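These are the residues of each chain, in order.
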Amino acid sequence: MLVLCYGIQKSGSTLAFELVKGVLQTAGFEQSFLRNERFKNGSPIPDSARNYVEQITREKIEALIAEIGPTRKIAVKTHGSFPDRLFPWLEELQVRRELQVIVSWRDPRDICLSLLDAGERSRRIKAGAFTELRTLDDAAAYVGKRIASYRKWAALKDALHLDYDTVAFAPDDAIAVIETIFEVESDRTNAKRHAFEDADTRKNKALRDRHLTEMTALQKLDLETTFRHFLEESRDNTWPRKFREKLLSRLG
């Protein structure tokens, strides 16, 4: 089974991915390295590189599933999107238990703050991503461009949703749902040790609801307005079903 872990950048998706890896690893499923598409053109792949794929294609998913085979469960991380036409096919793969999609969610206002932290750090060390993000407006535009992709992943039937607050601050609850969906029993202590101590999760401040204390009143109002529909939608547990129905109807 291919375990595909998606999230908007700086949404806690790496932490969720590493927690999933820890659960699977301690449940007896070795997390073999398959590929990391960040390293291209013959550049060396470090031993610490995690499984990672970029834009999703049918050929890429089929190759990963074939490589993993029916007896293994291996987690692969992505921030990429996929064409609408693949939506029914991805659902079919999940029904056949060849694929399990896991989707990370975090308040977009907190994602913006985390993106700015990452950008500042990258500029300071003159390396890394997000160097172009200097203001909340920059970060909000960056997140806004990725919400459509998030909606598609999250609307897939049988996708597992993991929110940042649960993964980061109540990991045993997150582990419980991960164990349930994979029908496994893990070593929770070692799974958490992997995710929170051993793995490089690129964490910034590791705080919840940062926007409540780190933004001015005007900034809060601006981002509440910018993300109003997305925030309202996220409070409605029925939105993935509604989005899915609209998408499938549009595909015919």
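Below or above, wherever it landed, is the structure these notes cover. (Residues numbered from 1 in each chain as written. Predicted model: local features only at pLDDT ≥ 70, side-chain atom pairs only at ≥ 80, totals over all residues. Heavy atoms only, no water.)

**Let's talk about the packing of aromatic side chains**
Overall, the coordinates contain eight aromatic pairs when judged by the stated rule. Taking 5.7 Å as the distance between ring centres and 85 degrees as the angle between the ring planes, the aromatic pair formed by Phe130 and Tyr142 counts as edge-to-face. Remark: Tyr142 occurs in helix 5 (residues 136–144) and Phe130 occurs in the loop between helix 4 (108–125) and helix 5; sequence separation between them is twelve residues. Of the residues examined, Tyr142 reaches a relative accessible area of 12% and is grouped as buried. Through a chain of ring-to-ring contacts, the aromatic side chains of Tyr6, Phe82, Phe87 and Trp153 assemble into a single cluster. Residue placement shows Arg106 over the ring face of Tyr164; its charged tip is 4.0 Å from the ring centre. A cation over a ring is seen here: Lys152 above Phe82, with NZ or CZ 4.8 Å from the ring centre. (Phe/Tyr/Trp six-rings, centres within 6.5 Å; stacked < 30°, edge-to-face > 60°. Helix = DSSP H or I, 4+ residues; strand = E, 2+ residues; numbered from the N terminus. Buried < 20%, exposed > 50% of the residue type's maximum accessible area, 1.4 Å probe, protein only. Lys NZ or Arg CZ within 6 Å of the ring centre and 35° of its normal.)

**A short note on the packing of helix 8 (residues 171–182) against helix 9 (residues 188–198)**
A pair of packed helices can be characterised by two numbers: the angle between their axes and the separation between those axes. At a minimum axis separation of 11 Å, helix 8 and helix 9 run at an interaxial angle of 110 degrees. With respect to their mutual orientation, helix 8 and helix 9 come out roughly perpendicular. You can see that helix 8 and helix 9 cross each other, and the crossing is right-handed. Along its contact with helix 8, which presents Pro171, Asp172, Ile175, Ala176 and Glu179, the element helix 9 presents Arg188, Ala191, Lys192 and Phe196. Residue composition of the contact of helix 8 with helix 9, grouped by class: five nonpolar, no polar and four charged. (Axes fitted to C-alpha atoms, helices over the stretch in contact; angles between N-to-C directions. Parallel < 35°, antiparallel > 145°, perpendicular 65-115°, else oblique. Left-handed = near helix turned anticlockwise from the far one by under 90°. Contact = heavy atoms within 4.5 Å. Nonpolar A, V, L, I, M, F, W, Y, C, P; charged D, E, K, R; others polar.)

**Describing the sheet that holds strand 1 (residues 2–6)**
Across the sheet, five strands lie side by side as 2-3-1-4-5; this open sheet has parallel pairing. This sheet does not close on itself; its edge strands, each paired only once, are strand 2 (52–53) and strand 5 (160–163). Both strand 2 and strand 3 (residues 74–78) contribute to a ladder of two bridges, which runs parallel. By the bridge assignment, Val53 is partnered in strand 3 with Thr78. In this fold helix 1 (residues 13–26) packs onto strand 1, strand 3, strand 4 (99–105) and strand 5, with an angle of close to 175 degrees to the strand it touches most, strand 3. (Pairing = 2+ DSSP bridges.)

**Re a nonpolar patch on the surface**
Residues Phe33, Phe39 and Ile45 make up a contiguous nonpolar surface patch of about 240 Å² in total accessible area. Tracing the chain through its elements places Phe39 in the loop between helix 1 and strand 2. Judged by its relative accessible area of 30%, Phe39 falls in the partly exposed class. (Patch = residues over 30% accessible without salt bridge, like charges linked within 9 Å, V, L, I, M, F, W, Y side chains within 5 Å. Areas by Shrake-Rupley, 256 points an atom, 1.4 Å probe, with all protein chains shown as cover. Salt bridge = Lys/Arg side-chain N within 4 Å of Asp/Glu carboxyl O.)

**Quick word on the pairing of strand 1**
Among the five residues in strand 1, five count as buried, and that is most of the element. Side chains of strand 1 alternate between two faces, with Leu2, Leu4 and Tyr6 and Val3 and Cys5 buried alike. Taken together, the five bridges between strand 1 and strand 3 define a ladder with parallel strand orientation. Within strand 3, the position partnered with Leu4 by the bridge is Val76.

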